[in-house]
Structures are given as structure tokens and as C-alpha cells.
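As a plain string of letters, each chain reads:
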Amino acid sequence: MTLYYRPLVLSDPTQDAVPLAGGPHWFREVAVLQRGGPTQIVPALDVPPATLARLTAPRAAVAGLTMDCARVMGILNVTPDSFSDGGDHADPDAAVARALAMQQDGAEIIDIGGESTRPGAVTVPETQEIDRTAPVIAAIRAQSDVAISVDTRKSAVAQAAIAAGASMVNDVAAFSYDPALADVTAASGLPVCLMHAQGDPATMQNNPVYDDVLLDVYDFLNARIAQAEAAGIAREAIVVDPGIGFGKTQDHNLILLRNLSLFHALGCPILLGASRKRFIGTIGGGQDAKDRVAGSVAVALYAVSQGVQILRVHDTFATKQALALAAAISGTNSR
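This text gives an overview of the structure that appears in the document. Computed from a prediction, not measured in an experiment: that's the story for all the values here.

**Structural notes on the packing of aromatic side chains**
Note on aromatic pairs: each is described by the distance of the centres and the angle between the planes.
Thought 1: This structure, assessed with the given rule, holds two aromatic pairs.
Thought 2: Both rings, one in Tyr 4 and one in Tyr 218, keep their centres 5.4 Å apart while their planes meet at 85°; by these two values the pair is edge-to-face. Taken as a pair, Tyr 4 in strand β1 (residues 4-10) and Tyr 218 in helix α6 (residues 213-230) lie far apart in primary sequence, 214 residues in all.
Thought 3: Under the relative-accessibility criterion, Tyr 218 is labelled buried at 11%.
Thought 4: The rings of Tyr 4, Tyr 218 and Phe 263 are connected pair by pair, giving a single aromatic cluster.
Thought 5: One cation-aromatic arrangement involves Arg 153 over Tyr 177; the distance from NZ or CZ to the ring centre is 4.1 Å.

Take a look at the structure:
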């Protein structure tokens, strides 16, 4: 029987509390989950030593950024059809200007994607994806030392991006679309984000079903981490993303968000990309994606309260402002 350990996160240390992932949060109790069985609450110090070590150990730096506080990753889609900002930055000059503006706003990673992965999106030929991303990455790198992530499922696109100056790979398919991407990433020595998705973007929202969405996503990411390690990528160089909105209903998304702290047991930094997603508009209003800023910030602040280290967002200034205020009130470090 497999047991899963979700720390119950605290903002302040109390008696018997231990640090969560070396960051500003703590926990003294853990929810022990199992498939088809009851959940038990146990003291943190009763967790098996290997699991407790993964829950508490400080995370290694990612793309030169320490993981002891929340980091903002700004979304830069150089596509004509992304769900929120499609066409806004398809022009290379506009894309570079937006990247530099997001850095000025406080974004510490710029995530550049040349293929929309919105529900219903079709696959883009790799040559076209390279033409969209590599020149923009090179142009940003010529003007800035900001960390740059390439958002791609394809090894050839990643290879071109790395040559242009990318400092991280972000694969929404976690090496399941193009297994060669694992070898390219390993050879580069760069960190990678492995995300969970059920199905291809073209069909992923067609009635997604899980046995247990939380534990299914956890097991998937655990298996993909093992594959990455087998390819030569150190666990210290891996970030995980539960994939909000990728083959998930609104209820699936909410279950994952409520239980984000479970993913700390994987021993990797957690990235959350919920910005402007449909469920935010459904619950909070905002038919147009660009009207979901406040809801996106609310989700981001909750994620940070659960120890999430990287926030992938469209609205960099609003997110950074909210993080700064939350840190000032709580007395924690927001960088």
C-alpha cells in the first residue's frame, strides 16, 4: 500500500514544527493519504525519515535563483492563438519589449512559448516554433541577463532555444511527447520543469477522468522525475507543475489547488501556472481572460501560502505587488 504525505502548512513556527522545503513556511503535522482509504493526521516527526528529508530540505537554485521565496515567471507567448494573449507579442520587437517590461515589473524568469497549448490548439511544426522563439530569446539575451525558459515539447526547439541563450526548459508534456527532449536537457545541464497533462491540447478537455486526480497527478510526476533522472538529469535540476487546466475539470483544478503541499514530497520546487485560466472566470467572473487579473493573483497568493516557489503569470506587476505586500505584512522575504 502506497502512502502519500501532505504537510499541513503553517506561516509561523510552533513547537515541533519543521521547515517546509527550506522556505519561509513550516509544518508540524502531515496528512497521510492512501487510495481508497481514510486520511490520517500524524506529527511531522512521525513521517518516514526519507520522506521527511524531502519535505524539509532546501531546494536547489533554479536558473540561478534561490528557491527560498516565491519567484515570478512572466509568460511571453509569441503565438497568434494563445488563449489570453495570442497575437499580442507575435512581432519580435513587441516580444522583446514585453520581456524587458516584465523584468522591470519584477519577473525573474521569462517563459517563452511558440506553440499554443490552450484547449483545442493544434500542433505547430517545429521549424515554425523555432522561428518564433529562438530569435526572440537571442534578442532578449543580448539586452538582459534575466533567466529565460523555453516552453516547448520538442527537442529541436529546445536545442535552438538553448543555443540562443535559454536557461531553462519547460515541457508541458514532461518528456512524453518527445522523449529526445530529456537527452537534450540532460546534455545542456539546464533545469527543467515537468508538467502533468492528460491528453493532447487538441482533445485534453474532452471529458477528462481520473481515479483520484490528486494521487494520479502525483504518481505521474513521480514517474517522470524517475525518467528524467535515468536520462542524466539530477533531481536538484527538476521543477514540477501539476498542470492546472491541462486535461482537468474545474473540480479537478480545485482539488489540486487545495492539496498543493502534497507535491513537496517529490523533493522538487513547485511551479504553478493558473494565471487567467477559465475556472477563474467561471468562479469569480471575467468572461474575457484579461479580466481575470484579481482572481489570478488570489490563486497565486494561496499557492505561495502552501510553499509554491514559482508562479507562472501573465500579470507580473500585479503579482509582484501582491507578493511584496503579503511579505511585508507577514515579515517574510519576498526579494
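**Here's the deal with helix α1 (residues 49-56)**
Thought 1: Those residues of α1 not exposed but buried are Thr 51, Leu 52, Leu 55 and Thr 56. The buried residues of α1 occupy an angular sector of 125° when projected down its axis, which confines them to one face. Exposed side of α1, more than 90 degrees from the buried face: Pro 49 and Ala 50 are the residues found there.
Thought 2: In this structure, the buried side of α1 is in contact with β1, β2 (18-19) and β3 (26-33).

**A closer look at the packing of helix α2 (residues 92-105) against helix α10 (residues 316-330)**
Between two packed helices, what matters for the description is the angle formed by their axes and the separation of those axes.
Thought 1: Packing of α2 against α10 brings their axes to within 8 Å, and their N-to-C directions diverge by 10°. Here α2 lies roughly parallel to α10, going by the angle between them. Within the contact between the two elements, α2 uses Arg 98, Met 102 and Asp 105 and α10 uses Thr 316, Phe 317 and Lys 320.
Thought 2: For the contact of α2 with α10, the residue count by class is two nonpolar, one polar and three charged.

**Concerning the pattern of salt bridges**
Thought 1: All told, the structure shown has eleven salt bridges when counted by the stated rule.
Thought 2: The salt bridge involving Arg 71 is made with Glu 108; its shortest N-O contact spans 2.5 Å. With Arg 71 in strand β5 (residues 71-77) and Glu 108 in the loop between α2 and β6 (109-113), this residue pair connects regions lying 37 residues apart in the sequence. Neither Arg 71 nor Glu 108 differs from the other in exposure class; each is buried.

Conventions used here
Residues numbered from 1 in each chain as written. Predicted model: local features only at pLDDT ≥ 70, side-chain atom pairs only at ≥ 80, totals over all residues. Heavy atoms only, no water. Phe/Tyr/Trp six-rings, centres within 6.5 Å; stacked < 30°, edge-to-face > 60°. Helix = DSSP H or I, 4+ residues; strand = E, 2+ residues; numbered from the N terminus. Buried < 20%, exposed > 50% of the residue type's maximum accessible area, 1.4 Å probe, protein only. Lys NZ or Arg CZ within 6 Å of the ring centre and 35° of its normal. Arc of directions from axis to C-beta. Contact = heavy atoms within 4.5 Å. Axes fitted to C-alpha atoms, helices over the stretch in contact; angles between N-to-C directions. Parallel < 35°, antiparallel > 145°, perpendicular 65-115°, else oblique. Nonpolar A, V, L, I, M, F, W, Y, C, P; charged D, E, K, R; others polar. Salt bridge = Lys/Arg side-chain N within 4 Å of Asp/Glu carboxyl O.

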